[in-house]
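Analysis of the macromolecular model
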Amino acid sequence: MAENARGLSCYKLCAVAFGVAFVSFVLLTAWLPSNTPISRFMTWSASTPNPQCHPSSHHHNLQGGEDETLESILARTPMTQNKTLIIAVVNKAYVEHEVYNGSATMLDTFLQSFWLGENTRPLLDNLLLVAADQTAYDRCRFLRLNCFKMRTEGVDFGGEKLYMSNDFIKMMWRRTELLLHVLKLGFNFIFTDTDVLWLRNPYMNLSNDMNIDLQISCDKFNNHLSSKNALINTGFYFVRSNNRTIALFDKWHSMKDNSTGKKEQDVLLDLIRDNIFGRLNLTARYLDSLYFNGFCSPRRDIRVVTTVHANCCRSIRAKVSDLTAVLRDWQAFKKSAPSREGVVNGTTSTAGGRNRTVSYDWSKPVNCANSWK
């Protein structure tokens, strides 16, 4: 009995000692400045939600429920870069690995460019990924990106849409309608296809002039920054939200039922040649393909390129293969460039004060060239 009493007394003493220690720890944590490691740990432990209930870890996240409206998602958008979104559209064929026999998907390749690019990682906070079907939406949520599900009654946008097929044309018009909605909600945007690699922050080569309403890439650039004869490409363009651009997109989208066999890019080009910009008093700038590059353009300089577009290419498989080669070239360039600060306009200063030309080149987009055969 005495031994039991001593054991019970020891247990009580231990319990009391533990209680005193715990209370002391809590009081100490409350007293410490909030930037100490212990305080940060306690704050994180108390405020971190169940990850199963809150799957997103982004500081800025537009991600909501599957039925959430575009308005409510954009109401929570970060206001960096002058209230400008980056918008990309994906469907099942762009996000599923099995389409490519286990290799990277188009979406994987696109996101990898943000990881490897110069000053591009923070831009993902402003990326809104628009899913054209359930699989793409589920994949977007899994990757914890900012997601919106674009619904189109009676149309299945899930499979690969070959260039200029009927479903391809329908998808392009549906995205134009969505972008018109974004403009009406007061948001500027950069629209980018996911077959565009972002190797450098494009804001460095986009004009900050508030009087320029539209800046758009070209398949082929004719050295005239405002020429209406430029061969535009709607795979990458920047639009400011105002009455002029809303009127342009309104007119553009209204022509979808009277443009059989034409994709939206062809219709916009027709409008430009018909002086739609002049009638709307809209100012446009055509982006130099030296910086906003693509497979269509022979002007390819890895030292200054901002984006690379897999244009002049027919299939997703070919695009992924050739864009992967571009990423390899980009990584090799970054590793081999001697003293990046010393490279100016393609020359590198040597110890003797002389300059030598540094030459870098891309792999040829062979798979895209063969995709048309």
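Residues numbered from 1 in each chain as written. Predicted model: local features only at pLDDT ≥ 70, side-chain atom pairs only at ≥ 80, totals over all residues. Heavy atoms only, no water.

**Re the overall build of the chain**
Along the chain, the regular secondary structure elements total 13 helices and 13 strands. By residue count, 46% of the 373 residues in the chain fall in the buried class. (Helix = DSSP H or I, 4+ residues; strand = E, 2+ residues; numbered from the N terminus. Buried < 20%, exposed > 50% of the residue type's maximum accessible area, 1.4 Å probe, protein only.)

**Remarks on the pairing of strand β3 (residues 146-149)**
Of the two faces of β3, the one carrying N146 and F148 and the one carrying C147 and K149 are both buried. Taken together, the four bridges between strand β2 (residues 127-131) and β3 define a ladder with parallel strand orientation. When the bridges of β3 are listed, L128 appears paired with N146. Note that the unit made of β2, helix α7 (residues 134-142) and β3 has a crossover that is right-handed. (Pairing = 2+ DSSP bridges. Right-handed = clockwise from strand over helix to strand, strands pointing away.)

**With respect to the state of the cysteines**
Where two cysteines share a covalent bond between their sulfur atoms, that bond is called a disulfide. Per the counting criterion, the structure on display carries three disulfides. Across the disulfide from C140 sits C147; the S-S distance is 2.0 Å. Between C140 and C147, the disulfide has an S-S torsion of -100° and is therefore left-handed. Paired through a disulfide, C296 and C312 show a sulfur-sulfur distance of 1.8 Å. Judged by the torsion about the S-S bond (110°), the C296/C312 disulfide is right-handed. Placement of C296 in the loop between β9 (292-294) and β10 (307-309) and of C312 in the loop between β10 and α12 (316-336) is noted, with a sequence separation of 16 residues between them. (Disulfide = S-S within 2.5 Å.)

**A few points about the nonpolar core**
Among the nonpolar cores identified, the biggest contains 48 residues, and F110, W198 and L199 are the most heavily contacted of them. Considering each element in turn, this core owes the most residues, eight residues, to α12. Here F110 is in contact with A88, L127, T192, D193, T194, V196 and W198, once residues within four sequence places are set aside. Membership of the second largest hydrophobic core comes to 43 residues, among which are I216, F221, L268 and L282. (Core = buried A, V, L, I, M, F, W, Y, C linked by side-chain atoms within 4.5 Å. Contact = heavy atoms within 4.5 Å.)

**Some remarks on the sheet that holds β10**
Taking strand neighbours across the sheet as the criterion, the three strands line up as β5-β10-β9 in an open arrangement whose pairing is mixed. Two strands close off the open sheet at either side, each with one partner strand: β5 (196-198) and β9. This sheet shows a mean twist of 20° between the axes of neighbouring strands, independent of strand direction. (Axes fitted to C-alpha atoms, helices over the stretch in contact; angles between N-to-C directions.)

**What about the environment of K170?**
In this fold, K170 is placed in helix α8 (residues 166-184). For K170, a relative accessible area of 46% puts it in the partly exposed group.

**Notes on the pairing of strand β4 (residues 188-192)**
For β4, the tally of buried residues reaches five of five residues, placing the bulk of the element in the interior. Residues N188, I190 and T192 line one face of β4 and the alternating positions F189 and F191 line the opposite face, and both faces are buried. Relative to β4, strand β1 (residues 84-90) runs parallel, the two sharing four bridges. Counted as the bridge partner of T84 is N188 from β4.

**Here we look at the confidence of the model for the chain**
Of the residues in the chain, 67% have a pLDDT of 70 or more, and the chain-wide mean is 77. Mean pLDDT per element in the chain: helix α2 (residues 37-47) is the minimum at 30, and β5 is the maximum at 98. Across residues 25-63 the pLDDT falls below 50, and counting only partners more than four positions away or on other chains, this stretch makes 45 contacts in the model. Low pLDDT (under 50) marks residues 339-358, which in the prediction has 26 contacts with non-local residues, meaning those over four places away or in another chain. (pLDDT = per-residue confidence, 0-100.)

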